[in-house]
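Examining the three-dimensional arrangement
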Amino acid sequence: MNAGLETVGAEGLRRFDALRTEAADAVTERLYATYGPIYEQYGPRGRKTCREDIALHLEFLRPALEFGVAPPMVDYLCWYASVIAARGTPREHVAPSLEWLAAFYAERMEPAEAAAVTAALRAARRDFLNAETAPAAAPQAPDPWPEAAVFLSSLLAGDHREALAIMQRCTDGGRSLSEIELHVVQPVLYQIGEKWQANQVAVAGEHMATAIAQSVMTAGLLRSTPVAPNGKRALLACVEGNDHALGLRMVADAFQLGG
Ligand code: B12
């Protein structure tokens, strides 16, 4: 997206927000009316998941309306299409849901606000369709060390001891905790994220991997010697609604060991 989008003022954003649940319900109904037989595979939970997904589209549309910038929503749509495709829903279902959202808001908002919302949705749809064959590159982790491969299998197998032993061998070899976190733990967690995205690892597996990685990091921290504290403090916290704390934990470890 080159040109910026028109932004929506505070009052319009309030109206947009107030309609989010209804919009998600309406688009879910249209998706089911159009593609119902494909969604039968998801059983009774399917509609709920579908509504949550449409609500997530609106979550990403919100900043596009507030700040007039569409690329984050387009990146999100590319990511979302890959997630649903790996779970049996054709990525072709994404574009119609954006059109139906536009139609819903066109009917329910003031004309000027509706025009901005529909323009943002159409711009995101167009750029998503153009980007579909070349989605934005995912963030890259630092280069993995050879130990990362075994660390990955130990996290996936729930093998806590093996994961800890890998950390211990790296520490014995003179590597610092931050180096191990960057070149073993982080690349492996990114790979686990790719596997979740491709539907090869369940959320439960992601949780188990995080728990093991976190405890290995804690063990590494307790075995490391920090430099003398410099008296400075930092407070690290996730933004509301985002539970991805492990990266922050790594930053905290580095700060703590660095005094
Ligand atoms: C572990 C994990 C989880 C755990 C998190 C547990 C925890 N306590 O952290 C759980 C299972 C809870 C989880 C849940 C979800 N997750 Co998740 N998760 C991951 C995973 C696999 C690893 C995250 C991680 O720890 N990475 C390792 C750390 C070290 O890397 P990092 O966060 O990038 O941090 C480094 C730098 O970025 C930087 N940094 C980070 N923060 C800061 C801050 C400062 C101040 C500084 C200086 C530097 C800095 O320094 C760190 C060290 O180098 C990622 C995959 C990925 N690519 O990261 C997906 C991922 C982030 N999750 C994803 C998703 C979709 C979800 C869920 C919605 C669904 C699900 N999979 O369950 C829920 C949402 C929950 C919520 N409300 O937040 C997506 C997000 C996609 C997107 N477009 O936003 C990802 C990318 C997976 C994917 N490939 O699709 N997840």
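Residues numbered from 1 in each chain as written. Predicted model: local features only at pLDDT ≥ 70, side-chain atom pairs only at ≥ 80, totals over all residues. Heavy atoms only, no water.

1. With respect to helix α9 (residues 177-197)
Stated precisely, the cut-off is as follows: In DSSP terms, a helix is any run of H or I states spanning at least four residues, a strand is any run of E spanning at least two, and both are numbered starting from the N terminus. For a helix, the expected span equals 1.5 Å multiplied by the residue count minus one. The bend reported for a residue corresponds to the angle between axes fitted to the seven residues ending at that residue and the seven starting there. The rule is simple: take the accessible area with a 1.4 Å probe, protein chains only, and divide by the maximum for that residue type; under 20% is buried, over 50% is exposed, in between is partly exposed. By definition in these notes, contact holds between two residues if any of their heavy atoms fall within 4.5 Å.
Between the first and last C-alpha of α9 there are 28 Å, a value that for 21 residues agrees with the 30 Å anticipated at 1.5 Å per step. The largest bend along α9 measures about 30° and falls at Val185, with the proline Pro187 one to four residues further on. Of the positions making up α9, those classed as buried are Leu177, Ile180, Glu181, Val184, Val185, Gln186, Pro187, Val188 and Ile192. Of the surrounding secondary structure, the elements contacted by the buried residues of α9 are α7 (147-157), α8 (160-172), α10 (203-223) and α11 (246-257). Looking one or two residues beyond α9, the residue adopting positive phi is Asn199, at roughly 65°.

2. Overview of the coordination of the cobalt atom of the ligand
How we decide: Here the term donor refers to an N, O or S atom within 2.8 Å of the metal (or 3.2 Å for Na, K and Ca), and because water is left out of the atoms, sites may appear incomplete.
For the cobalt atom of the ligand, the protein contributes exactly one donor atom, His244 (NE2), at 2.3 Å. Inspection of the secondary structure assignment puts His244 in the loop between α10 and α11.

3. So, the pattern of salt bridges
The condition is simple: By convention in these notes, a salt bridge is any Lys or Arg side-chain nitrogen within 4 Å of a carboxyl oxygen on Asp or Glu.
Scanning all chains against the criterion turns up 16 salt bridges. As a salt-bridge pair, Asp25 and Arg51 come within 3.7 Å of each other at their nearest N and O atoms. Of the two residues, Asp25 is situated in helix α2 (residues 20-39) and Arg51 in helix α3 (residues 46-67); the sequence distance between them amounts to 26 residues. For Arg51, a relative accessible area of 30% corresponds to the partly exposed category.

4. Re a nonpolar patch on the surface
Basically, it comes down to this: The patch calculation keeps residues exceeding 30% relative accessible area without a salt bridge and links them within 9 Å when they carry like charges or within 5 Å when they are nonpolar (Val, Leu, Ile, Met, Phe, Trp, Tyr). For accessible areas, the Shrake-Rupley method is used with a probe of radius 1.4 Å. Any residue's cover is judged against the shown protein chains and nothing else.
On the surface, Leu56, Phe60 and Trp79 cluster together into a nonpolar patch covering about 230 Å² of accessible area. Along the chain, Leu56 turns up in helix α3. Note on Leu56: relative accessible area 31%, which makes it partly exposed.

5. Considering the layout of surface pockets
Filter applied, for reference: Cavity means a closed set of points on a 1 Å grid over the protein atoms alone, one where a 1.4 Å probe fits but cannot get out, pocket means an open set with protein on both sides within 12 Å along at least 5 of 7 lines, and lining means a residue has an atom within 4 Å of a point. Grid points are joined across faces, edges and corners, and a volume is the space filled by probe spheres set on the points. All residues other than Ala, Val, Leu, Ile, Met, Phe, Trp, Tyr, Cys, Pro, Asp, Glu, Lys and Arg, Gly among them, are scored as polar; the first ten of these are nonpolar and the last four charged. The source of the domain bounds is an automatic or database domain assignment.
Volume-wise, the largest pocket comes out at about 2000 Å³. In terms of lining, the largest pocket is formed by 43 residues, of which the most central are Trp79, Gly193, Trp196, Glu206 and His244. Here the element with the most residues in the lining of the largest pocket is α9; it accounts for 11 residues. When its residues are assigned to classes, the lining of the largest pocket shows 23 nonpolar, 12 polar and 8 charged. When we break the lining of the largest pocket down by domain, the ones giving at least three residues each are domain 1 (10-131) and domain 2 (147-257). Here the second largest pocket defines a volume of roughly 660 Å³. Lining of the second largest pocket is provided by 24 residues; of these, Thr49, Cys50, Asp53, Tyr80 and Ile84 occupy positions nearest its centre.

Just distances and angles here, no functional claims.
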